[in-house]
Amino acid sequence: MTDPTTTIHVDQFLAHPPAKVWRVLTEPDLIARWLMPNDFAPVVGHRFTMRTQPRPGQGFDGWVHGEVREVDPPRRLRWAWRGGGLDTEVSWTLVPEGRGTRLFLEHSGFDPDDPLQQRTARLLDGGWRSHVWARLADALATCGPSV
């Protein structure tokens, strides 16, 4: 039996400057390369959607509904993540480190007493750490220099 997850934490070094990492986290076409197609805008209060494959067994219709809650370029980005019974929050913190960026992800708000949310948290934890992070690195490698 594992302890309940209320927050996912991921910490990764990226060999790109913060301005370039910020672009990949905030430009809709670049977000689509590593996460999902979306209508994101880095403006506090902006409501956006992201679309991916539905997961009926998880109670997820494929839509993530978000709202931008914090924008502090190129240091911090925070948004609501709602869908599939979740009402959570994703925060990104960028810290310059040498010639690159230390990127911290925090996905919080999972109900420790809800079995479906706990299963979803475990799936998302694995997804953030593996294929999403790899696709983020690929987007950084192919998006060209930061402005």
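Just above sits the structure.
Being a predicted model, the structure only gives us computed values, none of them experimental.

## Some points on the sheet that holds strand β3 (residues 63-72)
So, point 1. What the six strands build is an open sheet, ordered β1-β6-β5-β4-β3-β2; its pairing is antiparallel. Every other strand in the sheet has two partners, leaving β1 (7-14) and β2 (47-51) as the edge strands with one partner each. When the angles between neighbouring strand axes are averaged without regard to direction, this sheet yields 25°.
So, point 2. Relative to strand β6 (residues 100-108), β1 runs antiparallel, the two sharing eight bridges. Its bridge partner lying in β6, D11 is registered against F104.
So, point 3. Its contacts with the sheet place helix α3 (residues 115-142) against β1, β4 (76-83), β5 (86-97) and β6, and it is angled at close to 15° to β1.

## What to know about the layout of surface pockets
So, point 1. Within this model, the largest pocket holds a volume of roughly 570 Å³.
So, point 2. Taken together, 22 residues make up the lining of the largest pocket; nearest its centre are T52, R55, F60, L124 and H131.
So, point 3. Within the residue set of the lining of the largest pocket, elements represented by two or more residues are β4 and α3.
So, point 4. Counting residues per element, the lining of the largest pocket draws most heavily on α3, which supplies eight residues.

## Quick word on the pairing of β3
So, point 1. In this structure, β2 lies alongside β3, joined through five bridges in antiparallel fashion. Bridge assignment links M50 to a residue of β3, and that residue is V64.
So, point 2. Across seven bridges, the pairing between β3 and β4 is antiparallel. Across the sheet, residue D72 finds its bridge partner in β4, namely R76.
So, point 3. With antiparallel pairing between neighbouring strands as the criterion, β3 and β4 make up a hairpin whose turn holds three residues.

## Thoughts on the nonpolar core
So, point 1. W34, L35, W79, W81, W92 and W128 are the most contacted members of the largest nonpolar core, which has 36 residues in total.
So, point 2. Top contributing element to this core by residue count: α3, with seven residues.
So, point 3. In this view, W92 contacts L25, W34, R75, R76, L77, W79, L103, F104, L105, W128 and W133; residues no more than four positions away in its chain are not counted.

## Some remarks on helix α1 (residues 18-26)
So, point 1. For α1, the buried fraction is high: eight of the nine residues fall into the buried class.
So, point 2. If you check which residues of α1 are buried, you get P18, K20, V21, W22, R23, V24, L25 and T26.

## Topic: the side chain of H16
So, point 1. Inspection of the secondary structure assignment puts H16 in the loop between β1 and α1.
So, point 2. The exposure class assigned to H16 is buried, which follows from its relative accessible area of 19%.
So, point 3. In this structure H16 touches V21, R99, G100, T101, L140 and A141, once residues within four positions along its chain are discounted.

The rules behind the values
- Residues numbered from 1 in each chain as written.
- Predicted model: local features only at pLDDT ≥ 70, side-chain atom pairs only at ≥ 80, totals over all residues.
- Heavy atoms only, no water.
- Pairing = 2+ DSSP bridges.
- Helix = DSSP H or I, 4+ residues; strand = E, 2+ residues; numbered from the N terminus.
- Axes fitted to C-alpha atoms, helices over the stretch in contact; angles between N-to-C directions.
- Contact = heavy atoms within 4.5 Å.
- 1 Å grid on protein atoms, 1.4 Å probe; cavity = no way out; pocket = protein on both sides within 12 Å on 5 of 7 lines; lining within 4 Å.
- Points joined across faces, edges and corners; volume = space filled by probe spheres on them.
- Core = buried A, V, L, I, M, F, W, Y, C linked by side-chain atoms within 4.5 Å.
- Buried < 20%, exposed > 50% of the residue type's maximum accessible area, 1.4 Å probe, protein only.

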